[in-house]
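# Remarks on the overall topology
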Amino acid sequence: MNTFAEVQKLYREYYSFAIKNNLLEIPDCIEYREFGYGYLKKVDNRNLSFKNEREYKSWILKNAPMHLYKSLAYMRYPSNVGGASNKGIFRRELAFDIDVHKTGKCNHEDDWICKYCLEEAKNQAIYLIEEFLIPDFGLNEDDLKIVFSGNRGYHIYIKPKNKDILEIIENYSKEDRRFLMDYILGKNLNLHNIGSGWRRRLIKEFKKNNIGTRQFEKEKNWKKIIEKRKNKEKIYNIIDKSKNKIELDEKVMEDDIRLLRVINSLHGYTGFIVKPLNNLNELKKFNPLKDAIFKYFEEIEYRVDIFDDRKFEIQIGGKKYHHKSRKVSGSALLYLFGHNIKFTISCR
Ligand SMILES: [Zn+2]
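Small disclaimer: the values here were computed from a predicted structure and weren't measured.

## A short note on the overall build of the protein
On a plain count of helices and strands, the protein comes out with 14 helices and 15 strands. Computed over its C-alpha atoms, the radius of gyration of the protein comes to 23 Å, within 12% of the 20 Å expected for a compact globule of 348 residues. Considered along the principal axes of its C-alpha atoms, the protein spans approximately 70 × 50 × 35 Å. The buried share of the protein, reckoned over its 348 residues, is 50%. Counted over contacts in the protein with a minimum sequence separation of 6, partners at least 24 positions apart contribute 67%.

Rendered as structure tokens:
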């Protein structure tokens, strides 16, 4: 059997299900959005645009891309090539992209995944929401759209329910967006005059590390206090670590013409669903290795011959697969294909 054709058939089956059941994201004001897509590479092509929803859906069914993106920006000329200046951008969605590296507990190649790094990605998403977006930015849980990226990360869109506030933030300049980013990464943290959000966050960390916090709670000039402490190195270290807790792709917030994966599309590297989560609670219970796979793919079985030199092990949908597996589910087939594992299919 032709592997590429079989894989593409699975993508097509998924997209027809997702479109029929109104799951696939239809970006707002679709005629002003740029689209990008890819097969073997992430983005083979961009500058694609559609007049309406019908045209968009039929293109997807016909082409069944393995990676599918929409622009965060709204543009007067989405299909113009040549960067932001030619596209007439007049508004832009705001989203944070958490994309984690593998953790110390991981026992796989850099671009593979396991429950540990997926757990780390989830913890970072929860931290961003609970430590920054809700308390410091004054947002509600309902103002956020939380989406699993399909690989080792999350996309967190800021979509305030209040239309006036949405209007303001979607008209932020690049500098405004950069400022949000810098705040979260603690880049403009001023220890001579600490703000309330970072004060709260750091005091919590100090307590965890048995550092006396009484002075820090009263005084605004932390620099003065720290410099007098014997353990100042340790304190500076904790501050540094707190600044670097979240692995954010800064371009997703900053770049005017940045594309982000369409919600409920499939991620071409993993075959997992770019899955929206309804709320924080759902995020906390979410396990991508089970909850982001298309259930129907689990009912399909392929007989395969894997002839790759690399040794691997991956658990998908509660089943383990490795380099000697002879039978794989549809979901596992997409994962192996996306990770360039060499195999042939003998039958479905
Ligand atoms: Zn891992």
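## Remarks on the coordination of the zinc ion
The zinc ion binds to the protein through Cys106 (SG), His108 (NE2), Cys114 (SG) and Cys117 (SG), with metal-donor distances spanning 2.1 to 2.3 Å. For the zinc ion, the 4 donor atoms in the first shell make angles of 106 to 118° at the metal, a pattern classed as tetrahedral. Look at where the donors of the zinc ion fall in the sequence and you get C-x1-H-x5-C-x2-C. Take Cys106 and Cys114: they sit in the same class, and that class is buried.

## Here we look at the pattern of salt bridges
All told, the structure shown has 33 salt bridges when counted by the stated rule. Between Arg178 and Glu250 there is a salt bridge whose closest N-O contact spans 2.8 Å. Within this pair, whereas Arg178 is found in helix α5 (residues 174-184), its partner Glu250 is found in helix α10 (residues 250-254), the two being separated by 72 residues in sequence. Judged by relative accessible area, which is 26%, Glu250 ranks as partly exposed.

## Some points on the packing of helix α1 (residues 3-20) against helix α2 (residues 53-63)
Across the interface, α1 lies against α2 with an axial gap of 8 Å and an inter-helix angle of 155°. The orientation of α1 relative to α2 falls into the category roughly antiparallel. In this structure, α1 uses Gln8, Arg12, Tyr15, Ser16 and Ile19 to contact α2, whose residues at the interface are Lys57, Ile60, Leu61, Lys62 and Asn63. Class assignment for the residues of the contact of α1 with α2 results in 4 nonpolar, 3 polar and 3 charged.

## Observations regarding the packing of aromatic side chains
According to the stated counting rule, one finds 28 aromatic pairs in the structure shown. Each ring, one from Trp112 and one from Phe312, has its centre 5.0 Å from the other, and the planes form 35°; the classification is tilted. With Trp112 in the loop between β6 (94-99) and α3 (115-133) and Phe312 in the loop between β11 (301-306) and β12 (313-316), the pair connects residues that are 200 residues apart, well separated along the chain. The residues Trp112 and Phe312 share a single accessibility class, namely buried. Here a set of aromatic residues connected by ring pairs shows up, and it is made of Tyr14, Tyr15, Phe17, Phe294, Tyr296 and Phe297. For the cation-ring pair, Arg91 lies above Tyr74, with the distance from its terminal atom to the ring centre recorded as 5.9 Å. Taking NZ or CZ as reference, Arg201 lies 3.8 Å from the ring centre of Phe132, over its face.

## As for helix α14 (residues 330-338)
Burial runs high along α14: 9 of the 9 residues are buried. Along α14, the residues classified as buried are Gly330, Ser331, Ala332, Leu333, Leu334, Tyr335, Leu336, Phe337 and Gly338. Of the residues flanking the end of α14, it is Asn340, one or two places downstream, whose phi is positive at about 60°.

## Details of the UniProt feature "active site" (unreviewed entry) in the protein
UniProt tags Asp97, Asp99 and Asp249 as "active site" (unreviewed entry). Annotated residues spanning 153 residues; largest pairwise C-alpha distance 6.5 Å, indicating a single compact cluster. Note on placement: Asp97 falls in strand β6. Of the residues examined, Asp97 reaches a relative accessible area of 7% and is grouped as buried. Beyond its immediate stretch of four places on either side in the chain, Asp97 contacts Tyr154, His155, Glu247, Leu248, Asp249 and Val252. Here Asp99 lies in strand β6. If sequence neighbours within four positions are ignored, Asp99 has contacts with Arg152, Gly153 and Glu247.

## Brief notes about the sheet that holds β11
The 3 strands lie next to each other as β14-β11-β15, forming an open sheet whose pairing is antiparallel. Of all strands in the sheet, those bounded by a partner on one side alone are β14 (327-329) and β15 (343-347). The mean inter-strand angle of the sheet, taken between neighbouring strand axes irrespective of direction, is 45°. Summarising the sheet, β11 and β14 pair through 3 bridges and their orientation is antiparallel. Residue pairing across strands places Arg303 opposite Lys327, the latter belonging to β14. Against the sheet, α14 contacts β11, β14 and β15, and its axis sits at roughly 95° relative to β14.

Each value, and the rule that gives it
Residues numbered from 1 in each chain as written. Predicted model: local features only at pLDDT ≥ 70, side-chain atom pairs only at ≥ 80, totals over all residues. Heavy atoms only, no water. Helix = DSSP H or I, 4+ residues; strand = E, 2+ residues; numbered from the N terminus. Rg over C-alpha atoms; globule rule 2.2 N^0.38 Å. Buried < 20%, exposed > 50% of the residue type's maximum accessible area, 1.4 Å probe, protein only. Contact = heavy atoms within 4.5 Å. Donors = N, O, S within 2.8 Å, 3.2 Å for Na, K, Ca; no water. Tetrahedral: all angles 85-135°; square planar, octahedral: opposite > 155°, others 65-115°. Salt bridge = Lys/Arg side-chain N within 4 Å of Asp/Glu carboxyl O. Axes fitted to C-alpha atoms, helices over the stretch in contact; angles between N-to-C directions. Parallel < 35°, antiparallel > 145°, perpendicular 65-115°, else oblique. Nonpolar A, V, L, I, M, F, W, Y, C, P; charged D, E, K, R; others polar. Phe/Tyr/Trp six-rings, centres within 6.5 Å; stacked < 30°, edge-to-face > 60°. Lys NZ or Arg CZ within 6 Å of the ring centre and 35° of its normal. UniProt positions renumbered as here; feature names shortened; annotations may be inferred. Pairing = 2+ DSSP bridges.

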